[in-house]
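# Remarks on the overall topology
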Amino acid sequence: MRPGEYDAQGPLPQAFEYTGIDRSTGRPSPTLSFSVKAEATPSDVLAAISRQAIARRLCGTGKRAPSPETMYRRGFRVAALPAREVLDACQLPDAGVHIVSDALGNEVEPNGHLQLHGGAGLAEIWARLSRTLSRGETFPEP
């Protein structure tokens, strides 16, 4: 989550509304990105978005990607959402939400990335069901 997308109670809906720009169309993407905990650590999640212009700008690193620690100090956070809630949402008949799979049927990429088509439409639900990870959860001691 970017600074301002959470408060003391947890993630705000806006944390789940922006899906990025679809490079093929130049318009907002219809998919929402998630990372699967078993495949990517919270620090990995921050590192994955560190190359985005907004992360570099808010962290003041110019063209260099900030470290996950720098991002955390500048207010970036990771939200945790139970997988069961996402899977249940995919079963709702009129939600228009489904997990995107590749040509081989894989839903989770090797780096733990998962795309949820139509996921931004459930931003209010995701915000209510998720929580902001603490510093210790984001950077656990080995």
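First, a word on scope: everything that follows refers to the structure included in this document. (Residues numbered from 1 in each chain as written. Predicted model: local features only at pLDDT ≥ 70, side-chain atom pairs only at ≥ 80, totals over all residues. Heavy atoms only, no water.)

## A closer look at helix 1 (residues 42–49)
So the rule is basically this: For the exposure calls, accessible area comes from a 1.4 Å probe over protein chains only, and a residue counts as buried if that area is under 20% of its type's maximum, exposed if over 50%, partly exposed in between. To qualify as a helix, a DSSP run of H or I must reach at least 4 residues; to qualify as a strand, a run of E must reach at least 2; elements of each kind are numbered from the N terminus. Directions from the helix axis toward the C-beta atoms define the arc.
Those residues of helix 1 lying buried are Pro-42, Ser-43 and Leu-46. The arc that holds the buried residues of helix 1, viewed along the axis, is 105 degrees, so those residues lie on one side.

## Points about the sheet that holds strand 3 (residues 31–35)
Sheet strands pair via backbone hydrogen bonds, and the direction of the pair is either parallel or antiparallel. As a reminder of what qualifies: At least two bridges found by DSSP between two strands is the condition for calling them paired.
Reading across from one edge, 3-6-5 is the order of the three strands in this open sheet, with antiparallel pairing throughout. Every interior strand has two partners, whereas the edge strands, strand 3 and strand 5 (98–99), have only one. Alignment of strand 3 against strand 6 (residues 113–117), held across five bridges, turns out to be antiparallel. Across the sheet, Thr-31 pairs through a bridge with His-117, a residue of strand 6.

## Notes on the environment of Gln-9
In this fold, Gln-9 is placed in the loop between strand 1 (6–7) and strand 2 (10–11). C-alpha of Gln-9 to C-alpha of Arg-57: the two residues are 48 residues apart in sequence and 26 Å apart in space.

## Details of the pairing of strand 6
Relative to strand 6, strand 5 runs antiparallel, the two sharing two bridges. Bridging across to strand 6, His-98 finds its partner in His-117.

## Some remarks on the packing of aromatic side chains
Note the following rule: Two aromatic rings, drawn from Phe, Tyr or Trp (for Trp, its six-membered ring), form a pair once their centres lie within 6.5 Å of each other, and the interplanar angle then sorts them: stacked below 30 degrees, edge-to-face above 60, tilted otherwise. Counted as over-ring charges are cases with an Arg CZ or a Lys NZ within 6 Å of the ring centre that also lie within 35 degrees of the ring normal.
Counted under the stated rule, the structure contains two aromatic pairs. Consider the rings of Tyr-72 and Phe-139, whose centres lie 5.7 Å apart with planes at 80 degrees: the pair is edge-to-face. Taken together, the residues Tyr-72 in helix 3 (residues 68–73) and Phe-139 in the segment after helix 6 (135–138) connect sequence positions 67 residues apart. Here Tyr-72 matches Phe-139 in class, with each residue buried. In this structure, Arg-77 is placed above the aromatic ring of Tyr-72, and the distance from its NZ or CZ to the ring centre is 3.6 Å.

## Here we look at the side chain of Thr-70
As a reminder of what qualifies: In the analysis that follows, any N or O atom pair within 3.5 Å is treated as a polar contact, provided that within protein one partner can donate a hydrogen and the other can accept it, and provided that, for residues neighboring in sequence, both atoms belong to side chains.
Structurally, the position occupied by Thr-70 is in helix 3. Among the polar contacts listed, one links the side chain of Thr-70 to the side chain of Ser-67, at a separation of 3.0 Å.

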